[in-house]
Amino acid sequence: MMHQTIFSKLMLILTSIRGVFALSVVLLLATDSSAIAADNLAGLTGGLPALTSTEYGDGSTSYSLSLQVLALMTALTLLPSLVLGMTSFTRIIIVLSILRQAMGTQQTPPNQVLIAIALFLSLFIMAPTFTTVYDISADIALTNASNTMKGFLVKNTRKDDLNMFADMANETGFEKAEDVPLTILLPAFITSELKTAFQIGFLLFLPFLVIDMVIASVLMSLGMMMLSPMLVSLPFKLLLFVLVDGWAMTVGSLVATYTA
């Protein structure tokens, strides 16, 4: 009986200690939560520390590393669209693709080679414009770089296409290239590039089409109807293209169609 009484008292003491400990833990967590909430509120009031900008007395502004990385990632995301829509890449890749189809070489040169050729030719054509943009100081880069690109785009855009999009937007009477908004200039430039690319492709396609017709007529007259004219004409088309130095002529003509 005595042992049971002592055991009961011990259990009562342990229960009391456990309750006090639990209460202390709850109070401590509540205090920490209040402190964390206060710190978060102060942080939100003062701005996110990772996305801040600092202005100096001389008028310059420095941005945090997180903002710089965010701007860089955004630029990299938009880079493919800018290359396709604001450079000579579109015209060149379309002409090279039509040329490969006219020659009948299937996947030779492969797509990767054509893209590389178009990219490096675009860098060559755009080099004067890119050099001008690169030499612009950082504080006026956005405004002046945009005007420099507009100058290149306007020079290489057909007036009919530019006037068409300007009329659809109800904005006319532009006195300078800098006055044309990009919302009008970019679609006009792309449309003009597509039209010019298909015109060049048509001129490239004609001599190869003549060779195909001549070979088909000769095979028909010889009674070789089971022999594919495309298979026979392919060596002759390759020979003609090599003899006239076709790659140099094509690349040189494409570069000459642009005005820097």
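Because the structure is a prediction, the values reported are computed rather than measured. (Residues numbered from 1 in each chain as written. Predicted model: local features only at pLDDT ≥ 70, side-chain atom pairs only at ≥ 80, totals over all residues. Heavy atoms only, no water.)

A. Region of interest: a nonpolar patch on the surface. Together, Val210, Val214, Val218, Leu222, Met224, Leu227 and Leu231 make up an exposed nonpolar region whose accessible area comes to about 630 Å². Ranked by the residues each element gives to the nonpolar patch, the list is headed by helix H7 (residues 182-221), at 3 residues. Turning to its location among the elements, Leu231 is positioned in helix H8 (residues 229-243). (Patch = residues over 30% accessible without salt bridge, like charges linked within 9 Å, V, L, I, M, F, W, Y side chains within 5 Å. Areas by Shrake-Rupley, 256 points an atom, 1.4 Å probe, with all protein chains shown as cover. Salt bridge = Lys/Arg side-chain N within 4 Å of Asp/Glu carboxyl O. Helix = DSSP H or I, 4+ residues; strand = E, 2+ residues; numbered from the N terminus.)

B. Local environment of the nonpolar core. Membership of the largest hydrophobic core comes to 34 residues, with the highest contact counts inside it found for Ile92 and Phe152. No other element matches helix H3 (residues 89-103), which puts 10 residues into this core. (Core = buried A, V, L, I, M, F, W, Y, C linked by side-chain atoms within 4.5 Å. Buried < 20%, exposed > 50% of the residue type's maximum accessible area, 1.4 Å probe, protein only.)

C. Summary view of the packing of aromatic side chains. One pass over the full model with this rule turns up 4 aromatic pairs. With a centroid separation of 6.3 Å and 10 degrees between ring planes, the pair formed by Phe152 and Tyr258 is classed as stacked. In this pair, Phe152 sits in helix H5 (residues 141-155) while Tyr258 sits in the segment after helix H9 (246-256), placing the two residues 106 residues apart along the sequence. Accessibility classification places Phe152 together with Tyr258 in one group, the buried group. For the ring pair Phe241 and Trp247, a centre distance of 5.3 Å and an interplane angle of 90 degrees mean the geometry is edge-to-face. Residue classification places Phe241 among the buried residues on the basis of a relative accessible area of 7%. Each residue in the set Phe152, Phe189 and Tyr258 is aromatic and connected to the rest through ring pairs, giving one cluster. The ring of Tyr258 carries the charged tip of Arg91 above its face, separated from the ring centre by 4.1 Å. (Phe/Tyr/Trp six-rings, centres within 6.5 Å; stacked < 30°, edge-to-face > 60°. Lys NZ or Arg CZ within 6 Å of the ring centre and 35° of its normal.)

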